[in-house]
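Now for the letters of each chain:
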Amino acid sequence: MERTYIMIKPDGLERRLAGEIIRRFETRGLNLVALKMLVPSRQTAEAHYAVHRDKPFFADLVDFITSGPVVAMVWEGEEAVKLTRTMIGATRPIEAAPGTIRGDFTTLLQANLVHGSDSVENAATEIALWFSPQEILA
Ligand code: IDP
Ligand code: MG
């Protein structure tokens with residue numbers, strides 16, 4: 001059993017796609033073990049995207065992710081990290097396959113609706129950044 005950190009970004013809420021996104025993970029068979037809605041602080045957003053600190057799009061990305069409420073979640077299941085990445089789709093819009101969340105609902109690179117951890121190790125770091133242990137119900 002693996003856990004992964006999934007976040008519906010501000011564009012996902014603005015576009016009223018939160019239910020659709022959650023439904024996809026639920027019906028696929030993953031277990032939701034933590035969920036909350038919040039407007040991320042700059043500090044949390046910068047820590048979350050620390051790996052991109054030196055990229056030209058970093059400041060824009062932090063502005064975007066702190067621009068409104070997000071839905072922060074922890075999902076659990078067999079190979080949950082890989083499975084949810086597959087369901088979310090590729091970062092580059094033209095590579096996001098139809099049937100994936102990004103491939104079905106966006107053509108944008110930054111406003112791509114949802115974040116998913118890209119490794120088991122990063123998932124643990126991200127879960128610890130966004131949630132206290134008591135907030136995880138499993
Ligand atoms: P991921 O979300 O598919 O893991 P990452 O490469 O980790 O993609 O990038 C994090 C987020 O930063 C992306 O989801 C997207 O919102 C944004 N992003 C990535 N590359 C660019 C870029 O070249 N320009 C603007 N935003 C970008
Ligand atoms: Mg990433």
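Whatever comes next refers back to the structure up there.
Summarised in this report is the structure supplied together with it. Note that the structure is a prediction, hence the values are computed from the model and not measured. (Residues numbered from 1 in each chain as written. Chains lettered and ligands numbered in written order. Predicted model: local features only at pLDDT ≥ 70, side-chain atom pairs only at ≥ 80, totals over all residues. Heavy atoms only, no water.)

### Quick notes on the packing of aromatic side chains
Centre-to-centre distance and the angle between the planes together describe a pair of aromatic rings.
(1) Moving on: Taken as a whole, this structure holds three aromatic pairs when the rule is applied.
(2) Moving on: Consider the rings of Tyr 5 and Trp 130, whose centres lie 5.5 Å apart with planes at 10°: the pair is stacked. Taken as a pair, Tyr 5 in strand 1 (residues 2-8) and Trp 130 in helix 7 (residues 120-130) lie far apart in primary sequence, 125 residues in all.
(3) Moving on: Its relative accessible area of 0% is what places Tyr 5 among the buried residues. (Phe/Tyr/Trp six-rings, centres within 6.5 Å; stacked < 30°, edge-to-face > 60°. Helix = DSSP H or I, 4+ residues; strand = E, 2+ residues; numbered from the N terminus. Buried < 20%, exposed > 50% of the residue type's maximum accessible area, 1.4 Å probe, protein only.)

### Considering the sheet that holds strand 3 (residues 70-77)
(1) Moving on: Spatially, 2-3-1-4 is the arrangement adopted by the four strands of the open sheet, whose pairing is antiparallel. Among the strands making up the open sheet, the edge pair consists of strand 2 (31-38) and strand 4 (114-116). Taking each pair of neighbouring strands and ignoring which way they run, the sheet shows an average axis angle of 20°.
(2) Moving on: Where strand 2 and strand 3 come together, seven bridges link them in antiparallel fashion. Bridging across to strand 3, Leu 32 finds its partner in Trp 75. (Pairing = 2+ DSSP bridges. Axes fitted to C-alpha atoms, helices over the stretch in contact; angles between N-to-C directions.)

### A short note on the site of ligand 1
(1) Moving on: Every residue close to ligand 1 is listed here: Lys 9, Tyr 49, His 52, Phe 57, Leu 61, Arg 85, Thr 91, Arg 102, Leu 109, Gln 110 and Asn 112.
(2) Moving on: Interatomic distance of 2.8 Å between a backbone N/O atom of Gln 110 and an oxygen atom of ligand 1.
(3) Moving on: Contact distances for ligand 1 include 2.8 Å between an oxygen atom and a side-chain N or O atom of Asn 112.
(4) Moving on: Its free accessible area being 530 Å², ligand 1 has 78% of it covered by the protein chains.
(5) Moving on: Looking at the shell around ligand 1 residue by residue, the classes come out as four nonpolar, four polar and three charged. (Near = heavy atom within 4 Å. Polar contact = N/O pair within 3.5 Å; in protein donor to acceptor, adjacent residues only side chain to side chain. Areas by Shrake-Rupley, 256 points an atom, 1.4 Å probe, with all protein chains shown as cover. Nonpolar A, V, L, I, M, F, W, Y, C, P; charged D, E, K, R; others polar.)

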